[in-house]
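If you want the building blocks of each chain, they are given just below.
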Number of protein chains: 2
Amino acid sequence: MRKANEHSPTKEKLLEMARQLMQTQGYSATSVDQICEAAGLTKGSFFHYFKSKEKLGKAVLDYYVLSSYQMILEAPFFKKKDPLHRLYGYLDFMVERFKDPANESNCLLGNFAQELSDTHPEIRTRCAGHFTHLAELFKKTLDETKASYAPEARLDTQSLSDHFIAVLEGSILLAKAKQDKGIIEKSLRHFKQYLKTLFEK
Amino acid sequence: MRKANEHSPTKEKLLEMARQLMQTQGYSATSVDQICEAAGLTKGSFFHYFKSKEKLGKAVLDYYVLSSYQMILEAPFFKKKDPLHRLYGYLDFMVERFKDPANESNCLLGNFAQELSDTHPEIRTRCAGHFTHLAELFKKTLDETKASYAPEARLDTQSLSDHFIAVLEGSILLAKAKQDKGIIEKSLRHFKQYLKTLFEK
DNA sequence: CATAATAAACCAACCGGTTGGTATAATAAT
DNA sequence: ATTATTATACCAACCGGTTGGTTTATTATG
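Just so we're clear, the structure is a prediction, and the values are computed from it rather than from any experiment.

Undergrad: Got a minute to help me understand the interface of chain A and chain B in this structure?
TA: Quite often, the size of an interface is put as the accessible area lost when its parts meet. Each partner contributes to the interface: chain A provides 42 residues, whereas chain B provides 42 residues. Interface area, chain A with chain B, both sides summed: about 3800 Å², of which 61% is carbon and sulfur. The tally of links between chain A and chain B comes to 4 salt bridges. The residue aspartate 118 of chain A makes a salt bridge to lysine 176 of chain B at a minimum N-O spacing of 3.9 Å. Of all the secondary-structure elements, those providing two or more residues to the side of chain A that touches chain B are helix 1 (9-25), helix 6 (108-116), helix 7 (121-149), helix 8 (157-178) and helix 9 (182-199) of chain A. Considering each element in turn, the side of chain A that touches chain B owes the most residues, 15 residues, to helix 8 of chain A. Looking at the side of chain A that touches chain B residue by residue, the class counts come to 14 nonpolar, 19 polar and 9 charged.

Here you go:
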């Protein structure tokens, strides 16, 4: 008996290949055969680890979001003491992340949400949960900033966090269509400018 | 001989059905058979009007964007004299449009851009063109507003228009995933607040 | 030996697209 | 005005290929 199914390197490889393919081609356009070929495995092997393509989809989604989440938590900006600096660091980090040619300039989460929300309700729910989760992480820094820089202000940090996610996803989408990554930076700069008016009066 | 192929009611029906199906299910998840069944026609008929599914995709995209475009041009807000009021009218109009249960709260343009940019380069180009076109329309009002309310300001109305499109598309995406249309309104309210700081000092 | 991992062959359903053909109606020739 | 011609509109059946998924068997491994 080999070690448990859960963390097999083969499963990891299937996940990673699926992530790569689905991030660039989307879910529907990526076939199981394609994933198997990329991983140098056969379908029998694939269905040994994932009972269906949809289960794989969910796993890939979690896999992607978890890694994004960890990238943020481990990034240098996240350790900054001053919440306002940390807040701006957040934006700069995202700009750099999507500017870097080493990374894909796609968001698999946004991709899945757009493509599968109407046809795969369970995946839609999962996307919604991940969006909420990511917004909450941003909201923490936002709340700290508010407490320090604009404690009196009437400001809905919840909806502002959602707004941030929307700006990010929207600009990624636009950048992809126009093949111009600069759009992400410019759009986030406008968002930063908005934050400045809220916290630097 | 009936009148030319171009404006046949049958073709119109295929287009409209394709739009409906693709707007909710996406491009890949919508089969030609499905469209034919919805239109009460057969595949032979379909391929008489469209040489391929991709050609249909392009036609549906243009069909959707043209109607969106006309909705804006014909909306009451668009006739307002004061550019600032027209600018705000723009935002309110979008909020109402996507709040109304009669309309789909999806954007087919955003959907296609997300789903097909990497696999269908010609459709990607078309999406980019439409985005540019819509941004330019917004920019006109923006430029007028700037001229009247903040002529001295150093303000990149081009990138601000792109930012608007990004906010719109991003919030639509988020609203879809979370099944909460209120997100669009809240996000556009933040954007409006940002515009206020630029033009109402 | 028992169990998990991988492979190979296979399957029914479905995909986009083609075929050959018919019905219809406008045009041209008589 | 009647007929022959031609182009369009539409359909039912079908095609080869691909899809997600299964089955059965072989190979490793503990």
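And the narrative resumes.
Undergrad: Which parts of the structure should I look at to understand the packing of helix 1 (residues 9-25) of chain B against helix 2 (residues 32-39) of chain B?
TA: Helix-helix packing is characterised by the crossing angle of the two axes and by the distance between the axes. All names here are of chain B. Between helix 1 and helix 2, the least distance of the axes is 9 Å, while the angle of their chain directions is 125 degrees. Regarding the angle of helix 1 to helix 2, the classification is oblique. Judged by the sense of rotation from one axis to the other, the crossing of helix 1 with helix 2 is right-handed. The segment helix 1 lies against helix 2, with Lys13, Leu14, Met17, Ala18, Leu21, Met22 and Gln25 engaging Gln34, Ile35, Ala38 and Ala39. Taken together, the residues of the contact of helix 1 with helix 2 break down into 8 nonpolar, 2 polar and 1 charged.

Undergrad: Sorry if this is basic, but what is going on with the relation of the copies chain A and chain B here?
TA: Here two copies of a chain appear, and what relates them is a rotation about an axis with a shift along it. Superposition record for chain A on chain B: RMSD 0.1 Å, screw rotation 180 degrees, translation along axis 0.0 Å. Within this description, the copies of the chain are treated as partners about a two-fold rotation axis. Among all C-alpha atoms of chain A, that of glycine 170 of chain A lies closest to the rotation axis, at 1.9 Å. Comparing interface residues between copies, 100% of those in chain A also lie at the interface in chain B; the contact surface is shared.

Undergrad: Which parts of the structure should I look at to understand the packing of aromatic side chains?
TA: Note on aromatic pairs: each is described by the distance of the centres and the angle between the planes. Residue and element names in this part refer to chain A. Overall, the coordinates contain 23 aromatic pairs over all chains when judged by the stated rule. Measuring from centroid to centroid gives 4.0 Å for phenylalanine 138 and phenylalanine 164, while their planes differ by 15 degrees, and the two rings are stacked. Of this pair, phenylalanine 138 sits in helix 7 while phenylalanine 164 sits in helix 8; the two residues are 26 residues apart in sequence, bridging distant segments of the chain. You'll find phenylalanine 138 and phenylalanine 164 in the same group, each marked buried.

Undergrad: Just checking my understanding: could you explain the pattern of salt bridges for this structure?
TA: Once the charged atoms of two side chains with opposite charge are near each other, the side chains can pair. Taken as a whole and assessed by the stated rule, the structure comprises 24 salt bridges over all chains. For lysine 58 of chain A, the salt bridge is made with glutamate 122 of chain A, and the minimal N-O distance between the two is 2.3 Å. On the criterion of sequence distance, the pair formed by lysine 58 of chain A in helix 4 (residues 53-74) and glutamate 122 of chain A in helix 7 is long-range, its members being 64 residues apart. Between arginine 86 of chain B and glutamate 144 of chain B there is a salt bridge whose closest N-O contact spans 3.2 Å. Note that arginine 86 of chain B is positioned in helix 5 (residues 83-99) and glutamate 144 of chain B in helix 7 (residues 121-149), a separation of 58 residues in sequence. The class of arginine 86 of chain B is buried, set by a relative accessible area of 9%. Several salt bridges share partner residues, and in doing so they unite Glu96, Lys99, Glu185 and Arg189 of chain A into one network.

Undergrad: I would appreciate a short explanation of the environment of glycine 129 of chain B in the present structure.
TA: With respect to the element layout, glycine 129 of chain B can be found in helix 7. Considering only alpha carbons, one finds glycine 129 of chain B and tyrosine 90 of chain B, 39 residues apart in sequence, at a separation of 21 Å.

Undergrad: So what exactly am I meant to see when it comes to unusual backbone geometry here?
TA: The bulk of non-glycine residues show a negative phi, and the bulk of peptide bonds are trans. All names here are of chain A. Of note in the backbone geometry, glutamine 179 takes a positive phi value of approximately 50 degrees without being a glycine. Along the polypeptide, glutamine 179 turns up in the loop between helix 8 and helix 9. By relative accessible area, which is 58% here, glutamine 179 ends up exposed.

Undergrad: Looking at this structure, how should I read the side chain of aspartate 162 of chain B?
TA: Within the secondary structure, aspartate 162 of chain B is located in helix 8 (residues 157-178). Given the relative accessible area of 10%, aspartate 162 of chain B is considered buried. Side chain to side chain, aspartate 162 of chain B and lysine 178 of chain A meet in a polar contact 3.4 Å long. For aspartate 162 of chain B, the residues in contact, after removing those within four places along its chain, are Leu174, Lys178 and Ile183 of chain A together with Ala135 of chain B.

Undergrad: Would you mind going over the nonpolar core with me for this structure?
TA: If you look at soluble globular proteins, the nonpolar side chains tend to sit buried side by side. In this structure, Phe164 and Leu195 of chain A together with Phe164 and Leu195 of chain B are the most contacted members of the largest nonpolar core, which totals 132 residues. In contact with leucine 195 of chain A, not counting residues within four places along its chain, are Leu87, Tyr88, Leu91, Leu142 and Leu160 of chain A.

Undergrad: Help me understand the packing of helix 5 (residues 83-99) of chain A against helix 9 of chain A, please; the structure alone is not making it clear to me.
TA: Residues and elements named next belong to chain A. Between helix 5 and helix 9, whose axes approach to 10 Å, the crossing angle comes to 175 degrees. Classified by the angle their axes make, helix 5 and helix 9 are roughly antiparallel. For the pair helix 5 and helix 9, contact is made by Leu84, Leu87, Tyr88, Leu91, Asp92, Met94, Val95, Phe98 and Lys99 and by Ile184, Glu185, Leu188, Phe191, Lys192, Leu195, Lys196 and Phe199, respectively. A class-by-class count of the residues in the contact of helix 5 with helix 9 yields 12 nonpolar, no polar and 5 charged.

Undergrad: Would you mind going over the domain arrangement of chain A with me for this structure?
TA: All names here are of chain A. Taken domain by domain, chain A holds domain 1 (1-51) and domain 2 (53-199). Taken over C-alpha atoms, the centre of domain 1 sits 27 Å from the centre of domain 2. Taken together, the contact pairs 18 residues of domain 1 with 16 residues of domain 2. Buried surface at the junction of domain 1 and domain 2, both sides included, amounts to about 1700 Å², of which 67% is carbon and sulfur. On inspection of domain 1 and its partner domain 2, the count reaches 0 salt bridges. Viewed at the interface, domain 2 and domain 1 are joined by 7 residue pairs in polar contact (both at pLDDT 80 or more). When residues of the side of domain 1 that touches domain 2 are traced back to their parent elements, those giving at least two are helix 1 and helix 2 (32-39). Of the residues assigned to the side of domain 1 that touches domain 2, the class counts are 9 nonpolar, 6 polar and 3 charged.

Each value, and the rule that gives it
Residues numbered from 1 in each chain as written. Chains lettered and ligands numbered in written order. Predicted model: local features only at pLDDT ≥ 70, side-chain atom pairs only at ≥ 80, totals over all residues. Heavy atoms only, no water. Contact = heavy atoms within 4.5 Å. Buried area = accessible area lost by both parts, 1.4 Å probe. Salt bridge = Lys/Arg side-chain N within 4 Å of Asp/Glu carboxyl O. Helix = DSSP H or I, 4+ residues; strand = E, 2+ residues; numbered from the N terminus. Nonpolar A, V, L, I, M, F, W, Y, C, P; charged D, E, K, R; others polar. Axes fitted to C-alpha atoms, helices over the stretch in contact; angles between N-to-C directions. Parallel < 35°, antiparallel > 145°, perpendicular 65-115°, else oblique. Left-handed = near helix turned anticlockwise from the far one by under 90°. Least-squares fit on C-alpha atoms with pLDDT ≥ 70 in both. Phe/Tyr/Trp six-rings, centres within 6.5 Å; stacked < 30°, edge-to-face > 60°. Buried < 20%, exposed > 50% of the residue type's maximum accessible area, 1.4 Å probe, protein only. Polar contact = N/O pair within 3.5 Å; in protein donor to acceptor, adjacent residues only side chain to side chain. Core = buried A, V, L, I, M, F, W, Y, C linked by side-chain atoms within 4.5 Å. Domains from an automatic or database assignment.

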